[in-house]
Amino acid sequence: MHDPLTGTPRTAGHDLPVSPELEIFMAGGWAPAPPPVDIRSAAADFTAARRARLSARFPGERLIIPAGELKVRSNDCDHRFRPYSAYAWLTGLTGEEQAGHVLVLEPDGPHRHEAVLYARPRSPRTDDGFYRDRRYGEFWVGRRPDLDETERMTGIRCAVIGDRVGLPPGRDATVDAELSAALSELRLIKDAWEVGQLELAVDHTVAGFEDVVRALPRALAHPRGERWIEGVFGLRARAEGNGTGYETIVASGAHACVLHWIRNDGPLDARRLLLLDAGVETDTLYTADITRTLPLSGRFSPVQRQVYDLVLAAQDAGIAALRPGASFRDFHRAAMRVIAEGLTEWGVLKSPEGDFHRRYTLCSSGHMLGLDVHDCAQARAETYLDGVLAEGQVLTVEPGLYLQADDETLPDELRGIGVRIEDDLVITAEGARLMSGALPRTPDAIEAWMGELIEGR
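Remember, it's a predicted structure, so these values are computed and weren't measured experimentally.

What about the overall build of the chain?
Scanning the chain for helices and strands turns up 13 helices and 16 strands. Counting every position in the chain, which comprises 457 residues, the buried fraction comes to 50%. Nonlocal contacts in the chain, meaning residues at least 24 apart in sequence, comprise 71% of its contacts between residues at least 6 apart. Computed over 51 positive and 70 negative side-chain charges, the separation of the two mean positions in the chain equals 1 Å.

A few points about the packing of helix α8 (residues 192-220) against helix α13 (residues 443-455)
At a minimum axis separation of 8 Å, α8 and α13 run at an interaxial angle of 65°. Taken together, the axes of α8 and α13 are roughly perpendicular relative to one another. α13 is crossed by α8, and the crossing has right-handed handedness. Contact residues: α8 offers F209, E210, V213, R214, L216 and P217, while α13 offers W449, M450, L453 and I454. Here the contact of α8 with α13 is composed, by residue class, of eight nonpolar, no polar and two charged.

Notes on helix α9 (residues 225-240)
Over its 16 residues, α9 extends 23 Å from the first C-alpha to the last, a length consistent with the 22 Å expected when each residue adds 1.5 Å. For α9, every residue scored as buried is listed here: G225, E226, I229, V232, F233 and A237. The arc that holds every buried residue of α9, seen down its axis, measures 135°, which confines them to one face. Residues of α9 that are exposed and angled more than 90 degrees away from the buried face: L235 and A239.

Description of the sheet that holds strand β16 (residues 432-434)
Spatial ordering of the open sheet is given by β12-β15-β16, a layout of three strands whose pairing is antiparallel. The sheet terminates laterally at β12 (394-397) and β16, the two strands that pair on one side only. Averaged over all neighbouring strand pairs, the angle between strand axes comes to 35°, with direction disregarded. Judged from the three bridges that link them, strand β15 (residues 423-427) and β16 form a sheet pairing that is antiparallel. Following the sheet pairing, V426 is matched in β16 by R433.

Points about the side chain of D424
Considering the arrangement of structural elements, one finds D424 in strand β15. Buried charge without a partner: D424 forms no salt bridge, and the closest opposite charge is R292, 8.0 Å away.

Quick word on the environment of L216
Along the chain, L216 turns up in helix α8. Sequence spacing of L216 and F130 is 86 residues, and the spatial spacing of their C-alpha atoms is 46 Å. If near-sequence neighbours (up to four positions away) are discounted, L216 is found in contact with I229, L268, L274, L296 and M450.

Points about the sheet that holds strand β11 (residues 290-295)
Pairing in this open sheet of three strands is antiparallel, and the strands run β8-β9-β11 from one edge to the other. Of all strands in the sheet, those bounded by a partner on one side alone are β8 (249-252) and β11. Neighbour-to-neighbour, the strand axes of this sheet turn through a mean angle of 10°, independent of strand direction. Summarising the sheet, strand β9 (residues 273-278) and β11 pair through six bridges and their orientation is antiparallel. In the sheet register, L273 faces β11, and the bridge partner there is P295. Running over the sheet, α9 touches β8 and β9 and is turned about 150° from β8.

Re the confidence of the model for the chain
Per-residue confidence for the chain averages 93 on the pLDDT scale, and 93% of its residues sit at or above 70. In this model residues 1-14 is a low-confidence stretch, pLDDT under 50, and it forms 34 contacts with partners more than four residues away in sequence or in other chains.

A word on the pairing of strand β1 (residues 63-66)
Judged by which residues are buried, β1 turns out to be covered on both faces: L63 and I65 on one side and I64 and P66 on the other are all buried. As paired strands, β1 and strand β4 (residues 102-107) are joined by four bridges and run antiparallel to one another. Across the sheet, L63 pairs through a bridge with L105, a residue of β4.

Details of the pattern of salt bridges
On inspection of all chains with the given rule, the structure shows 36 salt bridges. Measuring nitrogen to oxygen at the nearest pair gives 3.8 Å for the salt bridge that ties D128 to R132. No difference in accessibility class separates D128 from R132, as the two residues are buried. Close ionic contact of D423 with R292 constitutes a salt bridge, the shortest N to O distance being 2.8 Å. In this pair, D423 is assigned in strand β15 and R292 in strand β11, connecting sequence segments 131 residues apart. Among the residues examined, R292 registers a relative accessible area of 1% and is labelled buried.

Considerations on the packing of α8 against α9
In the contact formed by α8 and α9, the axes pass within 9 Å of each other and the chain directions differ by 145°. In the packing of α8 onto α9, the handedness of the crossing is right-handed. Contact with α8, carried on its side by H204, T205, A207, G208, F209, D211, V212, A215, L216, R218 and A219, involves G225, W228, I229, V232, F233, R236 and E240 of α9 and no other residues of that element. Residues of the contact of α8 with α9, tallied by class, amount to ten nonpolar, four polar and four charged.

Here we look at the packing of aromatic side chains
Counted by the stated rule, this structure contains ten aromatic pairs. Between F209 and F233, the aromatic rings sit 6.0 Å apart at their centres with planes inclined by 85°, giving edge-to-face as the arrangement. Remark: F233 occurs in helix α9 and F209 occurs in helix α8; sequence separation between them is 24 residues. The exposure class of F233 is buried, given its relative accessible area of 0%. Above the ring of F130, the side-chain terminus of R125 is found at 4.5 Å from the ring centroid.

Conventions and cut-offs
- Residues numbered from 1 in each chain as written.
- Predicted model: local features only at pLDDT ≥ 70, side-chain atom pairs only at ≥ 80, totals over all residues.
- Heavy atoms only, no water.
- Helix = DSSP H or I, 4+ residues; strand = E, 2+ residues; numbered from the N terminus.
- Buried < 20%, exposed > 50% of the residue type's maximum accessible area, 1.4 Å probe, protein only.
- Contact = heavy atoms within 4.5 Å.
- Lys, Arg positive; Asp, Glu negative; His and termini not counted.
- Charge placed at Lys NZ, Arg CZ, Asp CG, Glu CD.
- Axes fitted to C-alpha atoms, helices over the stretch in contact; angles between N-to-C directions.
- Parallel < 35°, antiparallel > 145°, perpendicular 65-115°, else oblique.
- Left-handed = near helix turned anticlockwise from the far one by under 90°.
- Nonpolar A, V, L, I, M, F, W, Y, C, P; charged D, E, K, R; others polar.
- Expected span 1.5 Å × (residues − 1).
- Arc of directions from axis to C-beta.
- Pairing = 2+ DSSP bridges.
- Salt bridge = Lys/Arg side-chain N within 4 Å of Asp/Glu carboxyl O.
- pLDDT = per-residue confidence, 0-100.
- Phe/Tyr/Trp six-rings, centres within 6.5 Å; stacked < 30°, edge-to-face > 60°.
- Lys NZ or Arg CZ within 6 Å of the ring centre and 35° of its normal.

So, in structure tokens, the structure goes:
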């Protein structure tokens, strides 16, 4: 049994063969299909302009932007599907049913393109795929929009995906480096709808952080408290959106010095700090990215507050450097200047000059944010990392200090402390607007916030 559209073998939905009699029985007795859904995607008011901007970059060239394919997790189980971000940006389509679909921009004159979306149609009841095809059959994975519905949702002409076989050669369907860079660069500045989606992601993420604080007493009692916290935040992310925008980092104690700690299998110690780096991804696939470092006892110790205050001062300096026309790297430089001076005052460094502070900071202080947590990463350096900030860009500011437990250049009391503070901001005409300001940032405000949530649970 083969998929008639792709020619690939299907995995049968039954261990036993299907008899001719059952095939006949399964093919009949179905009510008429429901009328087409006439729902226009909210993003559709913006996607045509996005496609036009891409078209202008590549006059006369056929552009192929795939949604991506399902990937096997284990044996006959696939990972949950998420479309390629540029495909979602150009079509407004974000669902799991987009696996295998392809957007093609066909040259239509020297300076424009026609968009054609090649999609998998619904399986008719006369084709046994609707109950036998584990990957795409309606009885296995649910109803998919038909082509007419997809056209109404997107405003893009649709065709059956099998019809694309005879297309003349165009850009590689894996998206080559030049096209990938252009797609990233076009996404650097967010339109009004995108900013609204990011604000929604931030709001849901704030609620998730509140859930976590309320759950701390139970998490502290569990032998894998980090994983308990991960589950609490994940519940909010799945209930309010598509899920988490990236693997949640729940790092207690010295685990906070591991930049991408996602094992999340450790216990929580009330004497230590908890670094939580998490973001809810909306159903439209825009993600927040926020980090708070919290005292698990509800109160910072003097040395914890000392480290936290230095990171907060660095973040304040970074945020103050954000404005249209500033170099993208300016906010990182401003934050690191504060860190280097602070480490020198502590006696950890002999001088703030040079780059010795990097032993304790390890990475940059922020990145673009949008459909990807590290958004627009394929953009050329001259337009992103070595470029300038512009109104409408959304980014994070997230300096940190990671004082390793085995670092003999540090006094004993500082070892094993990791602090990162991360917020999401949109560049405005005047500077930058803090989107995640509903979460407290100062030590006093954090302690009061935690106390209210835990006592009021």
